[in-house]
Amino acid sequence: MQLALFIVFGALALGGALNLLLQRHPIHSALSLVVVMMSLAVLYWSLGAEFLAAAQVIVYSGAIMVLFVFVIMLLNAGKEEHTQGSRVAYSVGFPGAAAIFCLLSFVFLSERGALQSSNIGGDLSSAVDNIAQVSATLFTRQLLPFEVTSILILVAIVGAVVLARREQ
Amino acid sequence: MSHLNEFEIFLLLSALKVAVVLVVLLLGVAYTVLLERKLLAHMQNRWGPSRVGPFGLLQPLVDGAKSFLKEDMNPLAVERPLFILAPIIALGCALISMSVVPFGAVTRVQGVDLFQVANVNIGLLVILGVTSIGVYGITLSGWSSNNKYSLLGSLRSTAQVISYELALGLSLVGVVLRAQSLNLRVIVDSQAARGILSWNIFGGFQIVAFFIYLMAAFAETNRAPFDLPEAENELVAGYHTEYSSMKFAMFFMAEYANMITVSCVATLLFLGGSTSVFGHLFDGFLNTPVWNALFPVCWFVAKVFCFLALYIWVRGTLPRFRYDQLMSFGWKFLLPLAMANIIVTSFILAVRG
């Protein structure tokens, strides 16, 4: 069951990511990104991280991407021009992507032993709530990073308000 | 069913549950429309639909047939795939939320719970997530219609929904804090002890949260007094101006299905879900298995029905807000109030526990 979910939604995520790159209209690209995020949420859930999955859907696909789509609609952005592409993108992009792919494969393959012994998806059947575990970690051991992140977001909000209120 | 193994029984019963819930929900949607027309009519000293069937009871079926038989027009300038996708997203999301709602007490047949399609630990978050995806239906319909009124309507609606989503989500935190869980069954059970006295709205002192939820829910479902996206004197019909026939009907059904979902969530979180108003006072009365299974469902339906009636009553009573009033009400009043409610609730819980 878990394997079937992984194959279906992994393929969907990859397809969405490719479509994101290939589509010429910004709205279509943004919607492909939504598909990628939703598929990732399902993958998280199948791994037992149900809270992460819900947060992914609510925060990323439900709030941030809606805002993206909203801005694209307001700006009425048209189709992008098809250029030959800059030489930098070709000469750096493809090798860079290949290098990242090789690096990740190397890490996963060399850490195979450690990954195999870890109980992925084991939390699904456990009696302890996933959310209880996440929040206990977040508010005890990770309290400082958590608070610092909150303050960072607060600063960003205040900055946005200042920018929006500035008189022309 | 001896020749079927456990998994097959589970699959079969689950499919059956989904089918039954879907049919009941769609019928509920149809008859909510009729209920609204009838109640509004009586509030305005009219009869409402009264020609088809006794008391106009067959009106929803005729309306459905009419939507099916009308010509399905696709304007030339629309963005085709998204234009068709938008009503599907809207209706799909409105129906999916229902899958985590527990309609009655735990009643197991062959190990499968009859009155809930899926019992997940994060049921409340699933509902919030699906609701937030439903916004895409409205956003895309306005944009893909290629019509300025549709676009303005959908921009208004999207801005309104994502603004009120915050107050809505925060108003539920107090209830979650009291129940210590996001599982809807656990939340319902936490209010079951003493009937109406232990409901979150009274015994839990979440009446402020209920007020915030009520306001935010009206805005979330684009209903009066927050129905600016469809303000017909400014925007023709808002985001579904260009839609006809069944595609329009899908938006229409989505609106009413959302109303039912919101009523279900209010019932579960604030009004004790499927538990009896009298608590365990009449537990010995008619103590048969069938009665014990069906009685909670009746309570649930009755509570949802009352909430829907409140919805319609408000629509028949209050005038529409102005757009800036709507926004400042949401951001400057409901949101701080919801935060204050969370702080007070968690403080009291910390002192008591």
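Use the structure listed above.
Residues numbered from 1 in each chain as written. Chains lettered and ligands numbered in written order. Predicted model: local features only at pLDDT ≥ 70, side-chain atom pairs only at ≥ 80, totals over all residues.

Student: Now, about the overall build of chain B: what can you tell me, with residues and values included?
Tutor: Counting its secondary structure elements, chain B contains eleven helices and two strands. The order of helices and strands in chain B, counted from the N terminus, is α-α-α-β-β-α-α-α-α-α-α-α-α. The C-alpha radius of gyration of chain B comes to 21 Å, within 12% of the 20 Å expected for a compact globule of 353 residues. Dimensions of chain B, computed from the C-alpha atoms along their principal axes, are close to 60 × 55 × 45 Å. Here chain B holds 353 residues, and the buried ones make up 43% of them. (Helix = DSSP H or I, 4+ residues; strand = E, 2+ residues; numbered from the N terminus. Rg over C-alpha atoms; globule rule 2.2 N^0.38 Å. Buried ≥ 20, exposed ≤ 12 C-beta atoms within 10 Å, placed from the backbone.)

Student: An account of the interface of chain A and chain B is requested, with residue identities and associated values reported.
Tutor: Facing the 16 residues of chain A at the interface are 16 residues of chain B. Residue assignment for the side of chain A that touches chain B shows that the elements contributing at least two residues are α3 (50–75) and α6 (130–139) of chain A. Broken down by element, the residue count for the side of chain A that touches chain B peaks at twelve residues, all from α3(A). Here the side of chain A that touches chain B is composed, by residue class, of eleven nonpolar, three polar and two charged. (Contact = placed C-beta atoms within 7 Å. Nonpolar A, V, L, I, M, F, W, Y, C, P; charged D, E, K, R; others polar.)

Student: Explain unusual backbone geometry to me, and be specific about the residues and the numbers.
Tutor: Glycine aside, residues mostly have negative phi angles, and peptide bonds mostly take the trans form. The phi angle at B:Asn45 is positive, at roughly 60°, despite the residue not being glycine. Checked against the element boundaries, B:Asn45 lands in the loop between α1 (6–43) and α2 (59–69).

Student: Lay out the nonpolar core in plain terms, naming residues and giving numbers.
Tutor: Residues and elements named next belong to chain B. Core analysis: the largest hydrophobic core is formed by 103 residues, its most contacted members being Ala-90, Tyr-213, Ala-216, Ala-257 and Ala-266. Ranked by the residues each element gives to this core, the list is headed by helix α9 (residues 245–270), at 15 residues. Leave out the neighbours within four places in its chain, and Tyr-213 touches Leu-168, Ser-171, Leu-172, Ala-266 and Phe-270. (Core = buried A, V, L, I, M, F, W, Y, C linked by C-beta atoms within 7 Å.)

Student: Describe the environment of A:Ser150, listing the residues and the values that go with them.
Tutor: All names here are of chain A. Mapping Ser-150 onto the fold places it in helix α7 (residues 143–165). Residue classification places Ser-150 among the exposed residues on the basis of 10 C-beta atoms within 10 Å. Residues Ser-150 and Gly-93 lie 57 residues apart in sequence; the distance between their C-alpha atoms is 34 Å.

Student: Could you give an account of α7(A), with specific residues and numbers?
Tutor: Here α7(A) contains 23 residues, and its C-alpha end-to-end distance of 33 Å stays within 8% of the 33 Å for a straight helix at 1.5 Å per residue. α7(A) sits mainly on the outside: zero of its 23 residues count as buried. (Expected span 1.5 Å × (residues − 1).)

Student: Any chance you could break down helix α3 (residues 80–96) of chain B for me, citing the residues and the numbers?
Tutor: Residues and elements named next belong to chain B. In a regular helix each residue adds 1.5 Å, so 17 residues correspond to 24 Å; α3 covers 25 Å between its end C-alpha atoms and thus fits that length. Taken together, the buried positions of α3 are occupied by Leu-82, Phe-83, Ala-86, Pro-87, Ile-89, Ala-90, Leu-91, Cys-93, Ala-94 and Leu-95. Residues of α3 that are buried make contact with α1, α4 (123–144) and α9.

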